[in-house]
Amino acid sequence: MPSKRNKMKSFSLSCSRSRRSNSQLQAFTIASMIMLLIHAPAPTLAITAPLTNSATQFNAYVDTSFSCPVLITCPQVCVGPNVSCPNRCDADLDQVLCDDGVCRATCPPEATKNNPCTLPCASKACPATTKYQWACEQEYGAYYDAEQTCVEQQAALSQTATSTIYTALPFTVFAAIVIVTTFSVWIWNLLQRRNKGDDTTTQILCDSKTAPTADDDADEQHHSNVAMQHAAAVTVTGYTSSMFGSLLYGTVLTILCAFQFFLFGFAVTSYRAKSQTESLVAFEVTWSIGFVYTLLFKYPTSIVSVFWRKVSLQHATTVGLTTPRQVAVAHSHRDPKYVRKLRALSAKLSVLFHAAMGCFFAMPRSGKLSYLTVRKDVKGTRYIVHEFRRYNYNVETQVFEPGDLVVVDKIGDVIDAAHGLTSLKVERRLRVVGPNAIEMATPSAWRTLSEEFHKPFYVYQLFMLWSWVPLYYFYLAAIHGLVIITGGLAVAWFKYRNESNLFKLTHVEGDVDCLRDGTMQLVPQAELVPGDVVQVASGKTYSDMILVSSEGLLVDESALTGESTPMAKKAVDAGDREQTYNSLQHKKHTISAGTIVVESEVKNNLAVVVKTGSYTSKGELLREVFSYERHQFKFDVEVGYVLFILFIEAIIGFVLVTQFLDDQPVYSWFYGMYIIAAIIPPLLPTVFTVSVGISDNRLSRKRIACNNSQDILIAGKVTRALFDKTGTLTRQGLDFVSAHCRETWTAQTASLSDDLVTAMSCCHGLHKSMNGELIGNPVDRTMFDASKATWKEARGSSVMRVEDKHGNSIEVLKVFDFDHHRMTQSVIAKKIDGTLIAYVKGSGESIAKVCSDDSIPSDYEAEVNESHKSGSYVIAIAKKQLPEETDIHAITRDQVERDLEFEGVINFKNVIRKKTASVIRQLEAGEVQCIIVTGDNLLTGIRIAKEAGMIETGINVYHCSRVDEQGKLTWLNDSDQIVNLPPLSEMQSRAAGHELAVTGEVWEATLSANPDYAKELAQCIRVYGRCNPFHKVSVVNTFVEMGFITMMCGDGGNDCGALKSAHVGVALSDAEASIVSPFTSLDKEIESVLDVLREGRCALASALASYKYILMYGQLEGIDNLIMAFFRINLTEYAWAMLDGIWVVCMAFTLPLAHAARRLSDTRPTASLLGPHTVASLCGVLFSNIFYVLFALAILYRQDWMQCRKWDNEDVSNLMIIGDNYESEVLFLVTGYQFLSTAMAFNFGYEFRQSWIKNYKFVACIAVFTALHFYITLVPGRLSCVWRVNCSNKDLVYSVSLQGKVPIQNPYASTVMPLEFRITLIIIMVLNALTNMGWDYFIVNRIRQYLGRKRRREVQLVSAKSGGEVAETV
């Protein structure tokens, strides 16, 4: 306890405790660290308050003159008998001295209770007197010294009486258990590391190249003769539990829990005056050992896995899967030198760390590790489920093999399987493939929370919370705990919501009529197996099936492909028995899992199940979605570097604090821990998740579905946008324009020849729904309407009948669906006179190839090209008559589509969407290069690109449609003249005025022959025409490989592969549950592309703003703690609550609420946490804040009234009573407002978010908090006394931690400042805010814009020199 002389300086009224010398405390600390668990105190729940609320204290004199010297109420004089008091009560007034030191006529009962003198040798309180401060010390110094001697004697007696409490046997036993257990764990893992096992212990997890056939022999052998391939080199290691390992596991868990129990016990006993120092030392050592011990066991992926025994897969109850880690982040040579050095240092430290952990734990040192339970079905088959896929254990090969069956090889197999399965076969197949379900655990909010709070970062947070519990800081532990829980709940909520949305896609429900044992049975969808024959009814499908009989079946495939138009499905043709089944080539016969049957007219629509569970089309897509790892940004890697820097800074702060408080090492440890807790803030991991979640919600309100919200951040960095043409840039439908008939080739006319009309009426893939609507490709619908034919299909018939405009009936006997490779579709029709005619339609180029030369007009190519150049969608039609004896079922497509007679062409108009040009214009202005990838003719694509604004007026467009046998490209200009390309270095400059266009065939040929040259060309290509789905995927993958962040936008169907391959896919589809693309525009509006990119940039900018604020919050609080350690002061409890709770949470969670900018800027937000822009912003604001807080303290110390009011305390043993001083008050007011002004500086949206003022919730918080802060700074009163600012005893409020009103704990009984100085503080705060905002907006922002423009010029220059293979690093 400080002496009464120090009481006159600090007015500290803490509990009595002995003061050890510095050397004694250091020796005691070292001894306690060695003998902690042997000499640990028994916990007690007794807590005593360190303050007394006597009337003398509350009624202390307040000198309002603000002059020096200052009049004060002298500290209480405590003596033995009353006669020893230096001053007496006024006898003339007949007053007596009461026990509380107050002179009264009579003493009330509460006077004894409020006696401030509690020591046996000094139990009587003398009357308080008001004198100058120097006079108090001069007159009563001897009394204070005598009282201090009494205090030390009493403390010595208390120490002797309680010293035996640290020799309790349980703590000695616990110390031994910790040592023995740790050594045993090391020995156990050492033995496990040496036990490499045999070949059956670790195997490669395999996926089958060719799955087993489903005959009886294959069922019996469990497909043992399957050719295997490595599945991403995933290794499987078998483990099982053991008695000794389980005992060790239980012991370790007990020890981990015991550390928490002891921390609680020592924290509670630290509130006892008799054993506080010893309890605090025990707490510190327990904290240190427990923290390291807990983090040690958080290193393994699963703590229980440490104690498993390695065994063969045959006996394993658990398997460990090790998957090689994929490095997906690209580093740039333009990274600052300090970042490259940090990267190198981090790599070395990581190697050392993993090597050290590898010496203790027997675990793989590389790769991603996960554990799966080995399950058993009712028949005893052992299996595991990895990424929704079932793997059965094969006893003969002693490996886990995929549970897949092939029931169909040729079309004939489908027809033969139409008789269904027996119950015995179903049982056997069920043992191989398992249930028809995608096994995903039902999302649980509790499990998600548990997984979130079990992350290693929360171990650090938990122990930081414990460090706040002693020294009457338990309220701060509660505040910090609330902040941590709030951040964790936010992250867990977004994760749970995302999992719930994905779970809906995996759910299997309902029953289906299934043909088993020769009869139709109602079977749950989950019990279907490959080979089952089911009745196809309206509703959702859960397995891949091939139709064996059907009439009038319509299927909505939008959930899988994004194609919004329902597709008609037909049964397989018996004439195709020998064809090898392919799901793409036989798409019209295939119903995929996840699609919806919208119409099934009759009950004899039967299908054979070919795939179930994860092997279905939907299952494969879902596996990709769930196993997808977001493309790593720089911040994913740099956040580790940042934490390392903060850790080093925290250690330096810890050392500085111990130097400032070197005479009190026990308490300096706590000050140091507060530094660490502040510098590494708890909300740091939440900022990116919260920002992404906010943007996801805004996209949902715009009817843009997102199945993986993390892709929003990637959208903020998109540099290339690829678009399909038809239905994306143009309207979904087409307008009929004109026709070129062979008979009237020289004249364009809207009237059609009879043969052309007949072809248009029957050569299509339309289907008539129950309500009479024609369903199918929009082009086919427009063509059929233009023919003015009438649909005459009879109910229950699979033959399509139409009646042309002349009333002639036509039957369509066979249909060959549109083939993306051939670019044709054909039908065989029977006219009313019995004539068989084959009609073929397709692109102009493809029809010309299959027609006889003499039937093609001489200027055919020129005329077709002119139509394409005008933006027309051209369909050419040809025909030939077939012999009457033709076997319709046996004839092949190759036989039909050759030696044809040209009939004519039909021109349709691709009408561009009204908003397409505006969208493209904004994308180009936002430095996003737009490219068309279309299946239509190349010249049509060029025309649409010009109309959309991708190719500006006056730009030279060179196109190439063919490659000669030597691989040479022939380039043509707009006039179809052969030209030589300018140098690529010239073309890659936008200012040169050149663009390229190629067909998919040319692109593939170039990419195969010379990939480097193809990538150079890709920098200049604006239009890719005549692209099949594989060409589109190839183009997208090339841009991805080149390092460009790529977006693909299409309306589904043949865009499906490209949508999945791009970093960001936007499908224009009305299927909310679509898994074909990360983003789905339910309104099918091209403007959704802008919304996704704007929200992506907004989310990235908001995340960086929140990140900077959270970091600055830690820096500000760290500075506060350093200053407080230097002055040996503290902030009051409600001040801490404001700083660590209300302000930081409100600012951190309202900063990201700013809406996206209305237009895309020509720059993209940085993704680097350590880039020059981020570092400059942080450092500038930090230095500004440091300057102004030191400036405010300097001005404070230059005030005349402050010269006799300086805080001169040396004891920090009670943090609750060293906050009532002017230094603490100024520190809270200035740095407190810095918490707000820093957020104000980072709220600028620049080009990526809307203006500062439009973040309304943030602005409202700033306005309220600023008004409150300025009010308590200027107006003394009860409100300001909440924070003990500008406060006197008459306005005190209730203290939560001390459970009552506590008088002002300084000699002057007041913290009120002169009005002039209060105004000065307001000016300093305003200047600080203006400096912060001005630095970030006018300096950092201008430099960022300059560097951005400079970097773009450098990229263009380097790109031109290196062939273009330079892209923005993510």
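Calculation criteria
- Residues numbered from 1 in each chain as written.
- Predicted model: local features only at pLDDT ≥ 70, side-chain atom pairs only at ≥ 80, totals over all residues.
- Heavy atoms only, no water.
- Helix = DSSP H or I, 4+ residues; strand = E, 2+ residues; numbered from the N terminus.
- Contact = heavy atoms within 4.5 Å.
- Areas by Shrake-Rupley, 256 points an atom, 1.4 Å probe, with all protein chains shown as cover.
- Phe/Tyr/Trp six-rings, centres within 6.5 Å; stacked < 30°, edge-to-face > 60°.
- Buried < 20%, exposed > 50% of the residue type's maximum accessible area, 1.4 Å probe, protein only.
- Lys NZ or Arg CZ within 6 Å of the ring centre and 35° of its normal.
- Axes fitted to C-alpha atoms, helices over the stretch in contact; angles between N-to-C directions.
- Parallel < 35°, antiparallel > 145°, perpendicular 65-115°, else oblique.
- Left-handed = near helix turned anticlockwise from the far one by under 90°.
- Nonpolar A, V, L, I, M, F, W, Y, C, P; charged D, E, K, R; others polar.
- Pairing = 2+ DSSP bridges.
- Disulfide = S-S within 2.5 Å.
- Patch = residues over 30% accessible without salt bridge, like charges linked within 9 Å, V, L, I, M, F, W, Y side chains within 5 Å.
- Salt bridge = Lys/Arg side-chain N within 4 Å of Asp/Glu carboxyl O.
- Core = buried A, V, L, I, M, F, W, Y, C linked by side-chain atoms within 4.5 Å.
- pLDDT = per-residue confidence, 0-100.
- Polar contact = N/O pair within 3.5 Å; in protein donor to acceptor, adjacent residues only side chain to side chain.

(A) Representation of the overall build of the protein in the model. A count of helical and extended segments in the protein gives 41 helices and 48 strands. In the protein, the proportion of contacts linking residues at least 24 apart, taken out of those at least 6 apart, comes to 76%. If you sum the accessible surface of the protein, you get close to 55500 Å²; carbon and sulfur atoms cover 57% of it.

(B) Spatial organisation of the packing of aromatic side chains. The tally for this structure, following the rule as stated, stands at 50 aromatic pairs. Their ring planes at 50 degrees and their centres at 5.7 Å tell us that F259 and Y293 sit as a pair that is tilted. With F259 in helix α8 (residues 243-269) and Y293 in helix α9 (residues 276-296), this residue pair connects regions lying 34 residues apart in the sequence. A relative accessible area of 2% places F259 in the buried class. Among the residues examined, Y293 registers a relative accessible area of 7% and is labelled buried. With 5.8 Å between their ring centres and 20 degrees between their planes, F283 and F670 make a pair best called stacked. A residue pair is termed long-range when its members are at least 10 positions apart, and F283 in helix α9 and F670 in helix α19 (residues 665-679) qualify at 387 residues. An aromatic cluster of at least three residues, connected via ring pairs, comprises F174, F259, F261, F262, F266, Y293 and F297. One cation-aromatic arrangement involves R389 over Y615; the distance from NZ or CZ to the ring centre is 3.9 Å. A cation over an aromatic ring shows up here: R390 above the ring of Y383, its NZ or CZ 3.8 Å from the ring centre.

(C) Broad picture of helix α24 (residues 778-787). Summarising burial for α24: eight of the 10 residues are buried, a large majority. Within two residues after α24, K788 carries a phi angle of roughly 60 degrees, on the positive side.

(D) Structural context of the packing of α8 against α9. Running from amino to carboxyl end, α8 crosses α9 at an angle of 155 degrees, the nearest separation of the two axes being 9 Å. On the basis of their axis angle, the class for α8 and α9 is roughly antiparallel. The interaxial crossing formed by α8 with α9 has left-handed handedness. Facing α8, whose interface residues are V252, I255, L256, F259, F262, L263, F266, A267 and T269, α9 presents S279, A282, F283, T286, W287, I289, G290, Y293 and T294. Its residues assigned to classes, the contact of α8 with α9 shows 13 nonpolar, five polar and no charged.

(E) Examining the side chain of T886 more closely. Take T886: it is sitting in the loop between β36 (872-882) and α27 (893-896). Look at T886 and you get buried, because its relative accessible area is 18%. Excluding anything up to four places from it in sequence, T886 contacts L836 and I891.

(F) Spotlight on the pairing of strand β15 (residues 399-402). Residues V399 and E401 point to one face of β15 and F400 and P402 to the other, with burial holding for every one of them. Summarising the sheet, strand β14 (residues 389-394) and β15 pair through four bridges and their orientation is antiparallel. Of the residues in β15, the one forming a bridge with Y391 is P402. Hairpin geometry of β14 and β15 is characterised by an intervening segment of four residues between the two adjacent antiparallel strands and by a positive phi of about 60 degrees at Q398.

(G) Spatial organisation of the state of the cysteines. With the rule as written, the count across this model stands at seven disulfides. Across the disulfide from C78 sits C117; the S-S distance is 1.8 Å. On the S-S bond that ties C78 to C117, the torsion sits near -75 degrees, and the link is left-handed. Placement of the pair is C78 in strand β2 (residues 78-79) and C117 in the loop between α4 (110-113) and β5 (124-125), with a sequence separation of 39 residues. The two residues C78 and C117 agree in class, both being buried. With its sulfur 2.0 Å from that of its partner, C98 forms a disulfide with C107. Judged by the torsion about the S-S bond (-100 degrees), the C98/C107 disulfide is left-handed.

(H) Spatial organisation of a nonpolar patch on the surface. On the surface, Y1271, L1274, V1275, L1279, L1315, I1319, I1323, V1326, L1327 and L1330 cluster together into a nonpolar patch covering about 810 Å² of accessible area. Where the nonpolar patch is concerned, the elements lending two or more residues are α39 (1256-1274) and α41 (1315-1362). If one sorts the elements of the nonpolar patch by residue count, α41 sits on top with six residues.

(I) Molecular detail of the sheet that holds β14. In space, the four strands of this open sheet follow the order β12-β13-β14-β15, with antiparallel pairing throughout. Since the sheet does not close on itself, it has two edges, and those belong to β12 (375-376) and β15, each with one partner.

(J) Just the sheet that holds strand β23 (residues 590-591), in detail. Judged by pairing direction, the sheet is antiparallel, and its six strands sit side by side in the order β17-β16-β18-β25-β20-β23 without closing on themselves. Either end of the sheet is taken by a strand with one partner, and the two such strands are β17 (519-524) and β23.

(K) Quick look at unusual backbone geometry. Cis rather than trans, the peptide bond between C68 and P69 has omega equal to 0 degrees. Examined against the element boundaries, P69 turns out to sit in the loop between α3 (55-58) and β1 (71-73). Here Q398, not a glycine, exhibits a phi torsion of approximately 60 degrees, which is positive. Locating Q398 in the fold gives a position in the loop between β14 and β15. On the basis of relative accessibility, which here comes to 25%, the residue Q398 falls in the partly exposed class. The backbone phi angle of K1084 is positive, close to 55 degrees, even though this residue is not glycine.

(L) Examining the pattern of salt bridges more closely. Applying the stated criterion to the full structure yields 41 salt bridges. Put simply, K915 and E1087 hold a salt bridge, and the shortest N to O gap is 2.9 Å. In this pair, K915 is assigned in the loop between β37 (901-909) and α28 (916-925) and E1087 in helix α35 (residues 1087-1127), connecting sequence segments 172 residues apart. What makes K915 partly exposed here is its relative accessible area of 41%.

(M) Here's a closer look at the nonpolar core. Of all hydrophobic cores here, the largest spans 216 residues; its most connected members are W287, F723, L923, M1047, Y1109 and F1228. Residue contributions to this core peak at 20 residues, all from α35. Dropping the residues within four chain positions of it, Y1109 is found in contact with W1143, V1144, M1147, A1148, L1151, F1235, T1238, A1239 and F1242.

(N) Structural detail: the packing of helix α23 (residues 754-762) against α24. Contact geometry of α23 with α24 gives a least axis separation of 8 Å together with a crossing angle of 140 degrees. By the angle class used here, α23 and α24 are oblique. When you trace α23 past α24, the crossing you get is left-handed. Mapping the contact onto sequence places V757, M760 and S761 in α23 and M783, F784, A786 and S787 in α24. Of the residues in the contact of α23 with α24, the class split is five nonpolar, two polar and no charged.

(O) Representation of the environment of A1135 within the structure. Relative to the assigned elements, A1135 resides in helix α36 (residues 1133-1150). Look at A1135 and you get buried, because its relative accessible area is 1%. In the structure, A1135 is positioned 84 residues away from G1219 in sequence and 9.8 Å away in space, judged by C-alpha atoms. Excluding its chain neighbours within four sequence positions, the residues that come into contact with A1135 are F1228 and W1283.

(P) Geometry of the confidence of the model for the protein. Chain-level pLDDT for the protein is 81 on average; 86% of the residues reach the 70-or-more range. Under a pLDDT of 50 for its full length, residues 162-167 has, in the predicted model, 14 contacts with residues more than four places off or in other chains. Low pLDDT, under 50, characterises residues 1358-1370; the predicted model gives this stretch 41 contacts beyond four residues in sequence or across chains.

(Q) Structural detail: the side chain of R1128. Within the element layout of this structure, R1128 appears in the loop between α35 and α36. For R1128, the side chain forms a polar contact with the main-chain oxygen of F660, separated by 3.0 Å. In this structure, R1128 is in contact with F660, L661, D662, D663, Q664, W1207, N1209, E1210, V1212 and I1218, ignoring residues within four places of it in sequence.

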